[in-house]
Every structure is written in structure tokens, then in C-alpha cells.
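The chain contents come next:
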Amino acid sequence: AATINEQDVASFHKHLRGSTHILALLGAGLSAPSGLPTFRGAGGLWRTHDAVSLASPEAFEADPGLVWQFYNYRRHMALNVNPNPAHYALAELAKRMPGFATLSQNVDGLSPRAGHPPEQLHLLHGSLFQIKCASERCDYVETNFDDPFCEALRPPEGIIDPTANSVRGTAPDISDASVSLPSVPRSALPSCPSCKSDVLRPGVVWFGEPLPEDVLGAVDDYINSAEKIDLIMVIGTSSKVQPAAGYVGPARRKGARVCVINMDPNDGPSGGWRKGDWMFTGDAAVLVPKLLE
Ligand code: BJW
Ligand code: ZN
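Residues numbered from 1 in each chain as written. Chains lettered and ligands numbered in written order. Predicted model: local features only at pLDDT ≥ 70, side-chain atom pairs only at ≥ 80, totals over all residues.

**Observations concerning the environment of Ser-31**
Okay, so step 1: Along the polypeptide, Ser-31 turns up in the loop between β1 (22-26) and α2 (51-54).
Okay, so step 2: Sequence spacing of Ser-31 and Gly-282 is 251 residues, and the spatial spacing of their C-alpha atoms is 14 Å.
Okay, so step 3: Ignoring any residue separated from it by four or fewer positions in sequence, one finds Ser-31 in contact with Leu-36, Asn-106, Asp-108 and Leu-110. (Helix = DSSP H or I, 4+ residues; strand = E, 2+ residues; numbered from the N terminus. Contact = placed C-beta atoms within 7 Å.)

Right, dumping it as C-alpha cells:
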């Protein structure tokens, strides 16, 4: 039977004080208070554009211009918001606890910008600011913050821009279905400077694609080398996407207690609740700093 402690901050603090090995599993709800939309649920980014229809290799193959407009918009949004107190609290915990590691599903760059030590930050789904070659036979990668990503993705005059007051670039709000998008042909997208045979694509992990091998390896090393894991904090994720959500299981097998921080009391850990778990319902930007203080 599930034991869900709504407000037991004191017992959490007691456990935290005795912990040396902690994992944090992050989802889009952590960046929602910074102003970035989540994927599922109210305000969801893909309410008018189906997730699988844009975040898949098939969609990119069929219409790379459309998929690029979506990611150009996501890059623009991410560059125009800031890390929130939860990003900073996690970065600070990482700095003072060598046995702390973050597994992030977020591609928005906010944890790195909060100063999270990179060797303790595992970006399971890549980054909006890593650009790679679309060809599977080419391993070209670059770091790129250009906004717009290229001239063909500069939105035409007069198109709705929710961040019109921002200083860096503009992008059409393609989460709004009433905004019609001009088509961007494949030939207008930058091609790979290395192999010259394919276009560039965002360095994120789409449905059906494997997670980065080096990232999976580093996470496995962390889990296998830890004698005991004390705690896994599951923050702002619906825990619906695998294999990311599935890291709760291996952490439990190493002894970890689970602490879920989520706005929605129905979004629990993958694998269900156990005795000794904590559930804190509310805004991650408020709760995470409070729990880690
Ligand atoms: C707040 C808050 C506030 C709001 N405070 N909380 C096993 C079973 C079934 C299916 C599969 C399986 N294994 C693999 C699959 C298939 C698939 C999958 O998981 N499908 C499921 C949907 C059923 N997985 C894959 O395809 C993965 N690849 C794979 O397994 O490859 C295997 C392989 C091996 C070898 C060769 C080939 C293949 C890849 C998954 C990639 C996911 N990609 C995306 C897009 C990334 C790029 C981009 O950003 O566009 O990643 S999808 C999207 O979902 C994104 C997110 O990282 C991910 C998770 O979403 P997240 O973060 O949980 O967000 P939401 O919106 O769902 O939830 C937000 C939460 O925040 C909610 O709970 C709110 O309540 C809460 N919240 N405000 C606190 N202020
Ligand atoms: Zn290439």
C-alpha cells in the first residue's frame, strides 16, 4: 500500500542530512516556473501539435523545415528565460556533495546556466544547443546558440511572437494553431559542414531513438559503483517516458528512498509508491529550495 506524506519536510530533512549519494531525476515541470511550457497536461507545448508528430525522426525526414521551426522556437524561448531557484538549489547541492548526480530529461540549457557542475549532470535527452548531422553515418556535432538558428528560420514580419520584448531574435509561436507557418524547404536548411551530404538537426533524442551512449554509460557507472544510494528526487516529470523514468527502480534496489515533487498529486514515481516515499505537491521552484536548504 502506498504511503504518501504530503508535508513531511522534517522527516525529509532528517534523511537528507544523513545522505551522501543522491540522484535527481528532472522533467519539464522544473523549468515551467521559468516560463517554459511542459509537454503534457495544461499549457502543454504539444496540445495543438502532437508530440510524436514533431519529436520523431520520421517527422524530420518528412518535413525537416517544420520540425526545425518548432525547435527554432524552443531555442528562442529557452534563451529568453532564466534558471529558477530550483535549478540553483540543485547546482549548489551538486557542488557540495560529490555523490550527487542529476539525470535531466530537459534540453533547455537551464541547469548548465545555473552553474550545475557538468560532470554531475547527465543530459538524457540531449540539448537544444547541440546541433548534429542528420546522417546516422556522420558524427558531426557543434555547440550553437544562434537565434534564429539560420536565416530561413527568421520569422516573417508581423507574425505573433510571445516574447516580442526579448532581446535575442524572434520566432513564431507555433504552439498556437492559428499561426500559419510559411514552409521552409529542406534546401534552405544548413547542411553538415563535415560530410556535406545531409542537413543539420537538433541534438535532442526523439521517440524511437536511443539515448546517448556516453550518457547512459556514465549513469550506469554511477549506479553500479555506488555501494548505496540514499535518495532519488523525482522533480517535475510525468514519469511516462522511458528509459528515463525507469531509473527509479535501480535507485531503489540500491536502497534509495523516493521523493516526488510535482504540481500534480497523480504523477507519481514509475513503478508506483512504497512505504517511506515522500510526495510534495506544489511548485518545484518553491519546494526544491525549501527541501534542500
Ligand atoms: C510541475 C510544475 C511545477 C508542471 N512544479 N511540477 C517501454 C515501455 C513503453 C514505451 C517505451 C519503453 N521504452 C521505450 C519506449 C518508447 C518511448 C517511450 O517512452 N514512450 C512512452 C511515451 C510510452 N521511448 C523512447 O522512444 C526513447 N528511446 C528509446 O527507448 O530507445 C530505445 C532504442 C534502443 C536502441 C535503438 C533504438 C532505440 C526516447 C525517448 C525520447 C523522449 N524525447 C522527448 C523529446 C526530446 C526533445 C524535445 O524536447 O523536443 O523528451 S519527448 C518529451 O517527454 C521530452 C521530455 O524530456 C520527455 C519527458 O517529459 P516530462 O519532462 O516528464 O514532461 P511532461 O510534460 O510529461 O510532465 C511535466 C510534469 O511537470 C507533469 O507531471 C506536471 O504535473 C509537472 N509540473 N509544472 C512541479 N511548477
Ligand atoms: Zn554530416
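Alright, that's what it looks like, and here's the rest.
**Comments concerning the site of ligand 1**
Okay, so step 1: Near ligand 1 you find 34 residues, and of these Gly-27, Gly-29, Phe-39, Gln-105 and Ser-238 are the closest.
Okay, so step 2: Split into classes, the residues belonging to the shell around ligand 1 amount to 16 nonpolar, 12 polar and 6 charged. (Near = placed C-beta within 6 Å. Nonpolar A, V, L, I, M, F, W, Y, C, P; charged D, E, K, R; others polar.)

**Remarks on the UniProt feature "binding site: Zn(2+)" (unreviewed entry) in the protein chain**
Okay, so step 1: Annotation from UniProt places "binding site: Zn(2+)" (unreviewed entry) at Cys-133, Cys-138, Cys-192 and Cys-195. Of the residues just listed, which span 63 residues, no C-alpha pair is farther apart than 9.0 Å, and they cluster in one region.
Okay, so step 2: Note that Cys-192 resides in the loop between β5 (141-143) and β6 (200-204).
Okay, so step 3: Its 19 C-beta neighbours within 10 Å are what place Cys-192 among the partly exposed residues.
Okay, so step 4: Setting aside residues up to four positions removed in sequence, Cys-192 forms contacts with Cys-133, Ser-135, Cys-138, Tyr-140, Ser-197, Asp-198 and Leu-200. (UniProt positions renumbered as here; feature names shortened; annotations may be inferred. Buried ≥ 20, exposed ≤ 12 C-beta atoms within 10 Å, placed from the backbone.)

**Some remarks on the sheet that holds strand β9 (residues 278-281)**
Okay, so step 1: In spatial order, the strands read β3-β2-β1-β7-β8-β9; together these 6 strands make up an open sheet with parallel pairing. Edge strands, defined here as strands with exactly one partner in the open sheet, are β3 (121-123) and β9. Between one strand axis and the next, the sheet turns through 15 degrees on average, direction left out of account.
Okay, so step 2: In this sheet, β9 lies alongside strand β8 (residues 257-262) in parallel orientation, the contact comprising 4 bridges. Bridge pairing in β9 links Val-260 to Met-279.
Okay, so step 3: Of the strands in this sheet, β2 (100-104) and β3 are in contact with helix α7 (residues 213-225), which crosses β3 at around 140 degrees. (Pairing = 2+ DSSP bridges. Axes fitted to C-alpha atoms, helices over the stretch in contact; angles between N-to-C directions.)

**Focus on the packing of helix α5 (residues 85-96) against helix α9 (residues 284-292)**
To describe two helices that pack against each other, one gives the angle between their axes and the distance between the axes.
Okay, so step 1: In the contact formed by α5 and α9, the axes pass within 7 Å of each other and the chain directions differ by 30 degrees. What the angle tells us is that α5 and α9 run roughly parallel. Judged by the twist between their axes, the crossing of α5 over α9 is left-handed. Taken together, the residues of α9 that come into contact with α5 (itself represented by Pro-85, Ala-86, Ala-89, Leu-90 and Leu-93) are Ala-284, Ala-285, Val-288, Pro-289 and Leu-292. (Parallel < 35°, antiparallel > 145°, perpendicular 65-115°, else oblique. Left-handed = near helix turned anticlockwise from the far one by under 90°.)

**Description of the UniProt feature "active site" (unreviewed entry) in the protein chain**
Okay, so step 1: If you check UniProt for "active site" (unreviewed entry), the listed places come out as His-125 in our numbering.
Okay, so step 2: Setting aside residues up to four positions removed in sequence, His-125 forms contacts with Gln-105, Val-107, Val-204 and Val-205.

**Quick word on the nonpolar core**
Okay, so step 1: Ranked by size, the top nonpolar core spans 45 residues in total, and within it Leu-25, Ile-232 and Ile-235 carry the most contacts.
Okay, so step 2: Sort the elements by how many residues they give to this core and α5 lands first, with 6 residues.
Okay, so step 3: Among the nonpolar cores identified, the runner-up in size contains 21 residues, and Ala-55, Phe-70, Leu-189 and Leu-200 belong to it. (Core = buried A, V, L, I, M, F, W, Y, C linked by C-beta atoms within 7 Å.)

**Describing the pairing of β6**
Okay, so step 1: In terms of burial, β6 is largely enclosed, as 4 of its 5 residues are buried.
Okay, so step 2: Pairing analysis gives 5 bridges linking strand β4 (residues 126-133) to β6, with the strands arranged antiparallel. Across the sheet, the residue bridging to Gly-126 is Val-204, located in β6.

**Focus: α5**
Okay, so step 1: The end-to-end C-alpha distance of α5 is 17 Å, a good match for the 16 Å that 12 residues give at a rise of 1.5 Å each.
Okay, so step 2: If you check which residues of α5 are buried, you get Ala-86, His-87, Tyr-88, Ala-89, Leu-90, Ala-91 and Ala-94.
Okay, so step 3: Summarising the contacts, the buried residues of α5 are in contact with β1, β2, α6 (110-113) and α9. (Expected span 1.5 Å × (residues − 1).)

**As for the confidence of the model for the protein chain**
Okay, so step 1: In this model, the protein chain carries a mean pLDDT of 89, and residues with pLDDT of at least 70 account for 85%.
Okay, so step 2: This complex was scored by the predictor with a pTM of 0.94 and an ipTM of 0.97. (pLDDT = per-residue confidence, 0-100.)

**Here's the deal with the sheet that holds β6**
Okay, so step 1: An order of β5-β4-β6 is seen for the 3 strands of this open sheet, with the pairing classed as antiparallel. Where the open sheet ends on each side, the last strands, each with one partner, are β5 and β6. Going across the sheet, the axis of each strand differs from the next one's by a mean of 40 degrees, ignoring polarity.
Okay, so step 2: Both β4 and β5 contribute to a ladder of 3 bridges, which runs antiparallel. In the sheet register, Gln-130 faces β5, and the bridge partner there is Thr-143.
Okay, so step 3: The sheet strands contacting helix α4 (residues 64-79) are β4 and β6, and the helix crosses β4 at an angle near 140 degrees.

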